[in-house]
Amino acid sequence: MDPIVMAVAPEPERRGMNSLGVAHLAVFNGPGKPFEFRSLPLPEPAAGEVLVAVSLATLCGSDLHTFDGRRQEPTPCVLGHEAVGRVIAVGEGRDPALIGQRVTWTLADSCGGCRPCLDWELPQKCERLFKYGHAPMGSGTGFNGCYASHIVLRAGTTVIPLPDSVTDAMAAPANCALATMVAATEPLTTGGDTVVIQGAGLLGLYGGALLKEAGWRRVLVVDRNPARLAFVPRFGGEPLTCSEAEALPSGSADAVIEATGSPMVVPEAIRLLRPGGHYALVGMVHPDSHLDLTGEAIIRKCLTLRGTHNYAPRHLRMAVAFLTQHAARYPWASLVSPPLPLQELGPAFAVAHQGLWPRVSVSPWTSSSGTFSRS
Ligand SMILES: [Zn+2]
Ligand SMILES: [Zn+2]
């Protein structure tokens, strides 16, 4: 069984915010360097801003890539963009009723006035885009990431209250993985016969539940890792090994979703798709993704290929509504590890690399041997 000893998290709301008015941040100074823990005075939110006490944050694949040095981020910075928290204070122009509410928020802050925002329905491609967990300390308030006791949300960020039935563990990955899959599966919500999801990571598992509830008769989820496949039936899908997928007849899928991050799976998807099929590309968000396919294959089969990167605020609203509607139907919380203390963020990355959970979580309110200094 898992050798990692997990601390038990007290309810963050019972603890309330830090009584000294101090925020704690786990600062990333580059791959291979230990996290530096800084304590800073809590900032007053400026106009449009929202100060949130982070209850729970999860380690996303992109955080792992940055930690490993496979993705470059400006440093020093506070990583982490998947989280849930409670609103502590709001700046002018924000609804004061938000104060005290448990919330999730869009991982991208957008201006609302440029062409991607106004004309293209792609606020995640805003000309003045800001993404939490990817910005240097020197940008804005510096409270830009979720591996911290507090985060300051900017004026162009959509903040969505959560019902009590959507727990912290259920909600933490909603503002990245789930909302992204809501966006990727949006053209497929009319349902159909057979959809194949390539990859049983968190994206694939969320995709399985979303498509099953959208009315797809068969949701086949392919992965080469048996431990990942074990989650699939609990989230509406039928698990399939790679060799089982290879045995599927050509043209047997109405739609395929790439959620592996590997370009190697693309020829198999093209083979499986029926004429007029839809291929949703979600996972390969890295430059090592040259595709082995011909234009002829796409044209002769009349295929639609659609890429999805992040999402618009409506997709996060849909994600929260989906979790609320199906809170009891799927074991959402089993996708997230018990929280490790934020002070153990370095070891949390090591746990994430073991792959025992689709997401490993950290909480600034969970204590262990290395509690924050109260001096
Ligand atoms: Zn993420
Ligand atoms: Zn914009």
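Note that the coordinates shown come from a computational prediction; the quantities given were computed from them, not determined experimentally.

1. Some words on the overall build of the chain
When helices and strands are counted, the chain shows 12 helices and 17 strands. Its C-alpha atoms give the chain principal-axis dimensions of roughly 65 × 50 × 40 Å. Taking all 375 residues of the chain together, the buried fraction comes to 48%. If you take every contact in the chain between residues at least 6 apart in sequence, the share linking residues at least 24 apart comes to 70%.

2. Re the confidence of the model for the chain
Detailed reading of the predicted coordinates is not advisable wherever pLDDT falls low. Counting all residues, the mean pLDDT for the chain is 92, and 93% of those residues have values of 70 or more. Low pLDDT, under 50, characterises residues 1–20; the predicted model gives this stretch 27 contacts beyond four residues in sequence or across chains. This model gives residues 369–375 a pLDDT under 50, and the stretch forms 3 contacts once residues within four places in sequence are excluded.

3. A word on the packing of helix α5 (residues 177–184) against helix α6 (residues 202–213)
Following both chains from N to C, one finds α5 and α6 inclined at 55 degrees, their axes separated by 9 Å at the closest point. Classified by the interaxial angle, the pair formed by α5 and α6 is oblique. For the pair α5 and α6, the crossing hand works out as right-handed. Mapping the contact onto sequence places A177, L178, T180, M181 and V182 in α5 and L202, L203, Y206, G207 and L210 in α6. Across the contact of α5 with α6, the residue classes tally to 8 nonpolar, 2 polar and no charged.

4. Side note on the sheet that holds strand β10 (residues 194–198)
The 6 strands lie next to each other as β12-β11-β10-β13-β14-β15, forming an open sheet whose pairing is parallel. Each end of this open sheet is capped by a strand with a single partner; those strands are β12 (238–240) and β15 (304–307). Across this sheet, the average inter-strand angle for adjacent strands is 20 degrees, counted without regard to direction. Two elements, strand β14 (residues 273–281) and β15, share 4 bridges in a ladder whose sense is parallel. Within β15, the position partnered with H278 by the bridge is T304.

5. Details of the domain arrangement of the chain
Split into domains, the chain comes out as domain 1 (12–165 + 327–363) and domain 2 (179–307). Along the lines of polarity and charge, the residues of the side of domain 1 that touches domain 2 split into 4 nonpolar, no polar and 1 charged.

6. Some points on the environment of K301
Checked against the element boundaries, K301 lands in the loop between α10 (295–300) and β15. The exposure class assigned to K301 is partly exposed, which follows from the 17 C-beta atoms found within 10 Å. Distance from K301 to G276, taken between C-alpha atoms, is 6.1 Å for residues 25 residues apart in sequence. Dropping the residues within four chain positions of it, K301 is found in contact with L273, P275 and G277.

Scoring rules and cut-offs
Residues numbered from 1 in each chain as written. Chains lettered and ligands numbered in written order. Predicted model: local features only at pLDDT ≥ 70, side-chain atom pairs only at ≥ 80, totals over all residues. Helix = DSSP H or I, 4+ residues; strand = E, 2+ residues; numbered from the N terminus. Buried ≥ 20, exposed ≤ 12 C-beta atoms within 10 Å, placed from the backbone. Contact = placed C-beta atoms within 7 Å. pLDDT = per-residue confidence, 0-100. Axes fitted to C-alpha atoms, helices over the stretch in contact; angles between N-to-C directions. Parallel < 35°, antiparallel > 145°, perpendicular 65-115°, else oblique. Left-handed = near helix turned anticlockwise from the far one by under 90°. Nonpolar A, V, L, I, M, F, W, Y, C, P; charged D, E, K, R; others polar. Pairing = 2+ DSSP bridges. Domains from an automatic or database assignment.

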